[in-house]
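Residue strings, one per chain:
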Amino acid sequence: MSYGYFSDNGREYIITRPDTPKPWINYLSNERFCALCSQTGGGYSFFETSGYNRITKEYPPLVVGTDRPGRYIYLRDQETGEYWSANWQPVCKEPTRWESRHGMGYTVVESGYAGIDTSITYFVPPRDDLEVWMVSIKNTTDKPRKLQAFAYVKWDLANYSYNLVEASFSNLFNEASMEDDILFVSTRFWNISSPGGGNPNARWDKYAYFTANFKPDGFDCFDDAFIGQYKSWSNPIAVERGSCSGTVGDGQDIAGALQHDFELAPGEELKFVVLLGVVYRKEDARNIARRYDSWEEAERALTEVTMYWDNYMSRTTCATPDRDFDLQVNIWNKYQAWITSRWSRMDSYYIGGGSIIGFRDSWQDILAILPNDLEWVRQRVIYLLEHQFPDGSTLHNWDPLTNIGTKTGHSDDPLWLVLGVMEYLKESGELVFLDEAVRYYDGGSETVRQHVLRAIDYVLDHMSDRGIPLIMAADWNDGLDYIGRQGRGESTMVAEHLAWMLREVATLLWFVGSDNLAQKYIEERDELIRNINKYLWDGNWYIRGTRDDGEAFGSSRNIAGTIYLNSQSWAVLGGAASRDRALRCMDSVQKHLETDYGPALFLPAYQEPDPKIGIITRFAPGTKENGTIFCHPVCWTVMAECILGHGDRAFDIWKRSSFVERGKNPDLYKVEPYVYAEYIHGPDSPTFGQGEFTWTTGTATWMWKVCMDWILGVRAELRGLLIDPCIPAAWDEFRVTRRFRKATYEIHVVNPEHVNQGVVEIIVDGDKWESHLLPVFSDGKTHTIEVNMGAAPEGIEAPLELVAQRIAE
């Protein structure tokens, strides 16, 4: 690896040179305060929402060019006047040594220059809303050194979008002061939306602060004083001359700079702590500064971070013959899914800068959290249910600070509610949750059960004359936004999604004794599946839908967008296809959509905009959703192949699209090799194979779930934990440790016949067990499960859950 590698235990990604093809970042967060930190300390911070509670500055797009500004430590030799940056950025002098390590909740940047070794550890403590910088500076020469350190940040208070568009005007509201060696800043104007509308008329209700556990020898609050006219972050005037100006006041472009002058004997090391945070009262900042007034206190807080992640990472683990698979499932895929579950698509180096929580996104984001933090998911489910309307429709997104949202009419939104609640019930077994009252967004409340039924009824009430769900504003693919503007366009994906959810809801209703209602939904499902196969089958695959004018898209009759991935995989997921058609449509995926990096979302890409389809056709060919390897639907393709029993094919798709695999060619892939990208440029792009839009993608949660539930085949059902692996035939064995309800399951699977799928024997705590469905234990103990795979599953009951998921002949 020319830029970095995973540590031996996989818990760190070690970057060996600062000039990565694009910034490789980490998210440091305690769920309230969030810091995006690149390998050189670039990035920015916000509190609770990215749009309305910004702390430090982002100049988009950070991924192009400079990756500036950031959280920097400048160093200056007082005797020679030479200066450099401990981060490498932004001065960018060639270091004698340099390394950066991204870990769970922290980032370390180490470097050496001119006989001075430095290390900066950045993290966000679990209990307090701030960044902590632990800075060490060591003299490795044989002579004394007189040095200066300048800690620097660029503020961007509260209003991200407003500050970006009206930069000079917004500066007029800024306030900056130095009190008790703490630099405080705030703004008199908070451009926050209100339910009643009208012009905002409020001041920001917070203070950002910047301090250190040394008494500063100088400071600046104004950026023009620290940087200087016609200068930049790479050569600030204050560092050049070796002194800050002590600027404070109001109505200026503000920054934070703290100067520290010191001497180091040969071999001597200086350690200090820098704090960057946000509070509601200045006294709170003073208390926090006292709390972190020593290196030892900062180390204790860092230990709390590592303890949290040690505990979280240990809750569901696997050990397989493939180290890349284990790296993803046990560590980095799980870590990325945690980040997306907390921050949705609110902010990244590529997109965001607003304050939006997405309804469909958030329901999917909980899926990888369920086995690892069930109580958090329970509260999240309630929160999401509160953004539904009594008729079953939902908001599409909203600002979590104001709770003001937009109802767009996306046809898929209500079905993600159904899926999310069902998955929570399977994991928890808490059927009484169905009787809990939850309010609607615009008033009133009903039970969780009624929320679910209203969601599914809403979709059933919005069908075409042919009995196919209308696409309305769009479906999961937001780019199909002109398919149904006139109210007639149909969505195959929503039809197949509905078929899946009708089966799920009917199973639940049977389980709780509502047989008549369950039968009603099964009859609805049967009719829907007949309509799907009558109207949407194209001969070798399913079309993606129909436009308002009745013309099919995703059809063999189309020159561009001839075959779409989702309408094939979801036909299998939803059980809408017969075995023959399931095999034929997935074979068509392999024939027409396969690439070196996984199956494309559709092909060929649209070369010209088509106003009857939408914005998806306006993206450059091979980018975004226009003919790319869109990683989120790749997960569903892996799942579909597992349902069909194609373990080798499923694993091959996983491998091709894996960030570990793609990261082995970093000059092509460019983005972080330790998290998923939203998409990989498609074959119609001149940069085919390049990753794009990392971190904030539904791929994180779905790929983790698919790997655990469908490849390893250990998945929660209402009646217990189901064992149904679908693995590469070459695997001899694997292990899974999984917490399920009130017990821990230690599962060992052996594959002596080298099959892809099939269980011939299960031993539970030494006794033979006659079902794929394991018993539910309530004793809080650890139970051992031995599973033998083979081609002839004699004597092992296939429970109804498994029969329903398999595709019939």
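Scroll up a little and you will see the structure.
Because the structure is a prediction, the values reported are computed rather than measured.

A.B. asks: Would you mind showing me how to read the packing of helix H12 (residues 492-511) against helix H14 (residues 566-573) here?
C.D. replies: Any two packed helices are characterised by how steeply their axes cross, that is the angle between the axes, and by the distance between the axes. For the pair H12 and H14, interaxial distance at closest approach is 8 Å and the crossing angle is 15°. It follows from the interaxial angle that H12 and H14 lie roughly parallel. The hand of the H12/H14 crossing is left-handed. The segment H12 lies against H14, with Thr-492, Met-493, Glu-496, His-497, Trp-500 and Arg-503 engaging Asn-566, Ser-567, Trp-570, Ala-571 and Leu-573. The residue makeup of the contact of H12 with H14, split by class, is five nonpolar, four polar and two charged.

A.B. asks: Explain the sheet that holds strand S41 (residues 773-774) to me, please; I cannot follow it from the model alone.
C.D. replies: Working definition: the strands of a sheet are paired by backbone hydrogen bonds and lie parallel or antiparallel to each other. The antiparallel open sheet is built from three strands, whose spatial order is S35-S36-S41. Where the open sheet ends on each side, the last strands, each with one partner, are strand S35 (714-717) and S41.

A.B. asks: I keep staring at the pattern of salt bridges and nothing clicks. Help me out?
C.D. replies: Where charged atoms from two side chains of opposite charge come close, those side chains can pair. Overall, the coordinates contain 68 salt bridges when judged by the stated rule. A salt bridge links Asp-538 to Arg-557; the shortest N-O distance between them is 3.5 Å. Placement of Asp-538 in the loop between helix H13 (515-535) and strand S28 (545-546) and of Arg-557 in the loop between strand S29 (552-553) and strand S30 (563-564) is noted, with a sequence separation of 19 residues between them. By relative accessible area, which is 60% here, Arg-557 ends up exposed. Ionic pairing is found between Arg-656 and Glu-594, a salt bridge with its closest N-O pair at 3.9 Å. Linking Arg-656 in helix H17 (residues 647-657) with Glu-594 in the loop between helix H15 (579-592) and strand S31 (602-603), this pair joins segments that are 62 residues apart in sequence. By relative accessible area, which is 24% here, Arg-656 ends up partly exposed. Three or more residues joined by partner-sharing salt bridges are found here, namely Glu-423, Lys-426, Glu-504, Lys-705, Asp-709, Arg-715, Glu-717 and Asp-724.

A.B. asks: Can you help me understand the sheet that holds strand S22 (residues 357-358) in this one?
C.D. replies: Ordered in space as S22-S23-S24, the three strands form an open sheet in which the pairing is antiparallel. The strands lining the two open edges of the sheet, one partner per strand, are S22 and strand S24 (405-406). With two bridges connecting them, S22 and strand S23 (residues 397-398) associate as antiparallel partners. From the neighbouring strand, Ile-357 faces S23, where its bridge partner is Trp-398.

A.B. asks: Got a minute to help me understand the packing of helix H11 (residues 448-460) against H13 in this structure?
C.D. replies: It is at 13 Å that the axes of H11 and H13 come closest, and there the two elements cross at 25°. One way to sum up the angle between H11 and H13 is to call them roughly parallel. For H11 against H13, the interelement crossing comes out left-handed. Taking contact as the criterion, the partners of Arg-449, Leu-453, Ile-456, Asp-457 and Leu-460 in H11 are, on H13, Leu-517, Lys-520, Tyr-521 and Glu-524. By residue class, the composition of the contact of H11 with H13 is five nonpolar, no polar and four charged.

A.B. asks: Please explain the pairing of strand S39 (residues 759-764) as it appears in this structure.
C.D. replies: A regular strand places its side chains so that they alternate between the two faces of the sheet. As defined by bridge partners, S39 adjoins strand S42 (residues 782-789) across five bridges and the pair is classed as antiparallel. From the neighbouring strand, Val-759 faces S42, where its bridge partner is Met-789. Inspection of the sheet shows S39 paired to strand S40 (residues 767-769) by three bridges, in the antiparallel sense. Its bridge partner being in S40, Ile-763 is matched across the sheet by Lys-768. Counting the residues between successive antiparallel strands, the hairpin from S39 to S40 contains two residues, one of them, Asp-765, with a positive phi of roughly 50°.

A.B. asks: I tried to follow the state of the cysteines on my own but got confused; where do I start?
C.D. replies: Disulfide: a covalent bond formed between the sulfur atoms of two cysteine residues. Summed over all chains, the structure comprises zero disulfides. Looking at Cys-221, it has no disulfide partner, and the nearest cysteine sulfur is the one in Cys-244, 9.8 Å off. Here Cys-318 stays free of any disulfide, with the sulfur of Cys-707 as its closest cysteine sulfur at 8.1 Å. According to the relative accessible area criterion, Cys-318 is buried, its value standing at 7%.

Quick notes on the rules
Residues numbered from 1 in each chain as written. Predicted model: local features only at pLDDT ≥ 70, side-chain atom pairs only at ≥ 80, totals over all residues. Heavy atoms only, no water. Axes fitted to C-alpha atoms, helices over the stretch in contact; angles between N-to-C directions. Helix = DSSP H or I, 4+ residues; strand = E, 2+ residues; numbered from the N terminus. Parallel < 35°, antiparallel > 145°, perpendicular 65-115°, else oblique. Left-handed = near helix turned anticlockwise from the far one by under 90°. Contact = heavy atoms within 4.5 Å. Nonpolar A, V, L, I, M, F, W, Y, C, P; charged D, E, K, R; others polar. Pairing = 2+ DSSP bridges. Salt bridge = Lys/Arg side-chain N within 4 Å of Asp/Glu carboxyl O. Buried < 20%, exposed > 50% of the residue type's maximum accessible area, 1.4 Å probe, protein only. Disulfide = S-S within 2.5 Å.

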